Amino acid sequence: MKPAHHQGRFDGDARRVRQTANSTPLAVCWRCGRTLREHPAAKSGKPQVWTAGHTVDGDPNARPWLNVTRQPPAGSWLAPEASGCNFAAGARRTNAWRGNPHSQQWFST
Ligand SMILES: [Zn+2]
């Protein structure tokens, strides 16, 4: 069973994690440890972007990881993850990708 994680603090935390990664050139992907620039471009040619990824899939209690130049230690985190790594890992998910929530969702909680 899949917990509904698009609720609670998730949206605000995810936004903070993405913003922190975007403003930190040396931020690394928690999944593979590379910076965004070190990730290969997608097949479509689109550059990868930062997303906020769960180190424990779908855990609603994940804490935001904002020390983004390092990979998080063991635990449940919401941490920067390159879109390519996130999409590859999330391909098994049935719900549509929601990396760019609408503004009303950012403030709905
Ligand atoms: Zn990666």
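Keep in mind the model is a prediction, meaning the values are calculated, not measured. (Residues numbered from 1 in each chain as written. Predicted model: local features only at pLDDT ≥ 70, side-chain atom pairs only at ≥ 80, totals over all residues.)

**So, the overall build of the chain**
Next, step 1: Check the secondary structure of the chain and you find 3 helices and 3 strands.
Next, step 2: Across the chain, helices and strands are ordered from the amino to the carboxyl terminus as α-β-β-β-α-α.
Next, step 3: Sorting the 109 residues of the chain into buried and exposed places 29% on the buried side.
Next, step 4: Here the contacts in the chain between residues at least 6 apart in sequence split such that 70% fall between residues at least 24 apart. (Helix = DSSP H or I, 4+ residues; strand = E, 2+ residues; numbered from the N terminus. Buried ≥ 20, exposed ≤ 12 C-beta atoms within 10 Å, placed from the backbone. Contact = placed C-beta atoms within 7 Å.)

**Concerning the sheet that holds strand β3 (residues 77–82)**
Next, step 1: Ordered by their spatial adjacency, 3 strands build an open sheet running β1-β3-β2, and the pairing between neighbours is mixed. At either margin of the open sheet sits one strand with a lone partner, and together these are β1 (50–54) and β2 (63–64).
Next, step 2: Inspection of the sheet shows β1 paired to β3 by 5 bridges, in the antiparallel sense. Across the sheet, the residue bridging to A52 is P80, located in β3. (Pairing = 2+ DSSP bridges.)

**Things to note about the nonpolar core**
Next, step 1: If you look at the biggest cluster of nonpolar residues, it comprises 17 residues, and the most contacted ones within it are V17, W65, W77, L78 and A79.
Next, step 2: Taken together, the elements giving at least two residues each to this core come down to α1 (10–22), β1 and β3.
Next, step 3: For this core, the element with the most residues is β3, which contributes 4 residues.
Next, step 4: Setting aside residues no more than four positions away along its own chain, W77 makes contact with W30, T55, A62, R63, W65 and P72. (Core = buried A, V, L, I, M, F, W, Y, C linked by C-beta atoms within 7 Å.)

**With respect to the confidence of the model for the chain**
Next, step 1: Summing up the model confidence of the chain, the mean pLDDT is 81 and the portion of residues at 70 or higher is 72%.
Next, step 2: Within the chain, the lowest mean pLDDT, 44, falls on helix α3 (residues 103–106), and the highest, 97, falls on β3.
Next, step 3: This model gives residues 94–98 a pLDDT under 50, and the stretch forms 2 contacts once residues within four places in sequence are excluded. (pLDDT = per-residue confidence, 0-100.)

**Here we look at the pairing of β3**
Next, step 1: Most of β3 sits out of view: 6 of its 6 residues are buried.
Next, step 2: As paired elements, β2 and β3 share 2 bridges and run parallel to each other. Residue P64 lies in a different strand from β3, and its bridge partner there is L78.

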